[in-house]
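An overview of the molecular structure
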Amino acid sequence: MPTSAAPLIVRTPQHLAGLVTAFAVLAVTVYWANDVLVRLVDHPIESWVIDQRTPTMDHIVRRISFLGSSQVVYTLGPLLGLIALARCRVAGATILAVTALRPLVEFTGKLVVGRPRPNIDRMVNGVGYSFPCGHVMAAAALWGMVPLVVSLYVSSRRVWRICAIASVAMIVAIGSTRVYLGVHWPSDVVAGVLADLVLLTVLDRAFHRLHDRRHCRISHS
């Protein structure tokens, strides 16, 4: 069973290579031609999204965005790891490692690219650089691991697929809220999603290599 939904999307090494290339091209474009990308793509989309704000949507979006916050990720991430650890040491260690190492990957990318955050009409404060979107990466580190934990306790592939689809929807929704709130450009979120797919796919392959040696007793139907 895959650790997350990423391997269902990234099925071949060619797909993985394509995602890596897309992320690299986007990062280079932001680094060397940020003004052009913002003017032609990001600013028009950001402005349109901001124009759609309503009091009801503001309330909903703030609540969804909170699900990718540091408070939630650093509270539920270790808890999720401990729940997994009770059934499989490799799974538990994987989740705990992702929770601990995700900030290093995120902040390294932010420092290398050094993209300023948008300053149009922010609803919340944003700290640090903008690229890639840290909220969507944090969401993947937490909610992207939920299907793995489900697979340890529920021997149903159908339930796992529903959980995987829900986790993807959660990650995309959390990333989208950052554009609505005015603290990230749309391309920041796209970059975060690309990075998530790459990292989760690589993680899945590494996990199974270790897991197959441990032979945890998990059966699926």
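Up top you'll find the structure we're talking about.
Residues numbered from 1 in each chain as written. Predicted model: local features only at pLDDT ≥ 70, side-chain atom pairs only at ≥ 80, totals over all residues. Heavy atoms only, no water.

In this section: the overall build of the chain. Scanning the chain from N- to C-terminus turns up nine helices and zero strands. Expected size for 221 residues packed as a compact globule is a radius of gyration near 17 Å; at 18 Å, the chain falls within 12% of this value. Taken along its principal axes, the extent of the C-alpha atoms in the chain is 55 × 40 × 25 Å. For the chain, with 221 residues in total, the buried portion stands at 47%. Long-range pairs, those at least 24 residues apart, make up 80% of the contacts in the chain with a sequence separation of at least 6. If the 21 positive side-chain charges of the chain are averaged to one point and the 11 negative ones to another, these points end up 14 Å apart. (Helix = DSSP H or I, 4+ residues; strand = E, 2+ residues; numbered from the N terminus. Rg over C-alpha atoms; globule rule 2.2 N^0.38 Å. Buried < 20%, exposed > 50% of the residue type's maximum accessible area, 1.4 Å probe, protein only. Contact = heavy atoms within 4.5 Å. Lys, Arg positive; Asp, Glu negative; His and termini not counted. Charge placed at Lys NZ, Arg CZ, Asp CG, Glu CD.)

A complete count under the given rule lists two aromatic pairs for this structure. For the ring pair Tyr31 and Trp32, a centre distance of 5.1 Å and an interplane angle of 80° mean the geometry is edge-to-face. What makes Tyr31 partly exposed here is its relative accessible area of 47%. (Phe/Tyr/Trp six-rings, centres within 6.5 Å; stacked < 30°, edge-to-face > 60°.)

Let us now look at the side chain of His184. The topology assignment puts His184 in the loop between helix H8 (157-180) and helix H9 (186-214). A relative accessible area of 2% means that His184 is categorised as buried. A polar side-chain atom of His184 sits 2.9 Å from the main-chain carbonyl oxygen of Ser130. Those residues in contact with His184 that lie beyond four places of it in its chain are Glu46, Lys110, Arg117, Pro118, Ser130, Pro132, Cys133, Gly134, Arg178 and Val179. (Polar contact = N/O pair within 3.5 Å; in protein donor to acceptor, adjacent residues only side chain to side chain.)

Another point: the nonpolar core. Nonpolar side chains in soluble globular proteins generally cluster together in the buried interior. Among the nonpolar cores identified, the biggest contains 36 residues, and Ala91, Ile95 and Met145 are the most heavily contacted of them. For this core, the secondary structure elements donating two or more residues are helix H4 (70-85), helix H5 (89-113), helix H6 (134-143), helix H7 (146-153), H8 and H9. Here the element with the most residues in this core is H6; it accounts for eight residues. Discounting chain neighbours no more than four positions away, the residues touching Ile95 are Gly77, Leu80, Gly81, Ala84, Met145, Leu148 and Val149. Within the second largest apolar cluster, seven residues are counted, among which are Ala27, Leu37, Val113 and Phe131. (Core = buried A, V, L, I, M, F, W, Y, C linked by side-chain atoms within 4.5 Å.)

Okay, the pattern of salt bridges next. Going through the model one piece at a time under the given rule, you end up with four salt bridges. Here Asp121 makes a salt bridge to Arg53, at a shortest N to O gap of 3.2 Å. Taken as a pair, Asp121 in the loop between H5 and H6 and Arg53 in the loop between helix H2 (13-51) and helix H3 (55-66) lie far apart in primary sequence, 68 residues in all. Overall, the relative accessible area of 18% leaves Arg53 in the buried class. For Arg115, the salt bridge goes to Asp188, with nearest N and O atoms at 2.7 Å. Here Arg115, found in the loop between H5 and H6, pairs with Asp188, found in helix H9; they are 73 residues apart in sequence, far enough to count as distant. Per residue, the accessibility class of Arg115 equals that of Asp188, and both read buried. Each of Asp42, Arg115 and Asp188 takes part in one network of salt bridges that share partners. (Salt bridge = Lys/Arg side-chain N within 4 Å of Asp/Glu carboxyl O.)

Let us look at H2. With 39 residues, H2 extends only 40 Å from end C-alpha to end C-alpha; this falls clearly short of the ideal 57 Å at 1.5 Å per step. Of all the bends in H2, the greatest, near 105°, is centred on Ala33. Restricting attention to buried positions, one finds in H2 the residues Leu16, Leu19, Leu26, Ala27, Val30, Asn34, Leu37, Val38, Asp42, Glu46, Val49 and Ile50. (Expected span 1.5 Å × (residues − 1). Bend = angle between axes of the 7 residues up to and from the residue.)

Now for the packing of H4 against H7. Taken N-terminus to C-terminus, the directions of H4 and H7 make an angle of 25°; their axes are 10 Å apart at the nearest point. When the interaxial angle is binned, H4 and H7 end up roughly parallel. Pair H4 / H7 crosses with left-handed handedness. Across from Leu80, Ile83 and Ala84 in H4, the residues of H7 making contact are Val146, Val149, Leu152 and Tyr153. Per-class residue counts for the contact of H4 with H7 are seven nonpolar, no polar and no charged. (Axes fitted to C-alpha atoms, helices over the stretch in contact; angles between N-to-C directions. Parallel < 35°, antiparallel > 145°, perpendicular 65-115°, else oblique. Left-handed = near helix turned anticlockwise from the far one by under 90°. Nonpolar A, V, L, I, M, F, W, Y, C, P; charged D, E, K, R; others polar.)

Function cannot be inferred from these measures alone, as they are strictly geometric.
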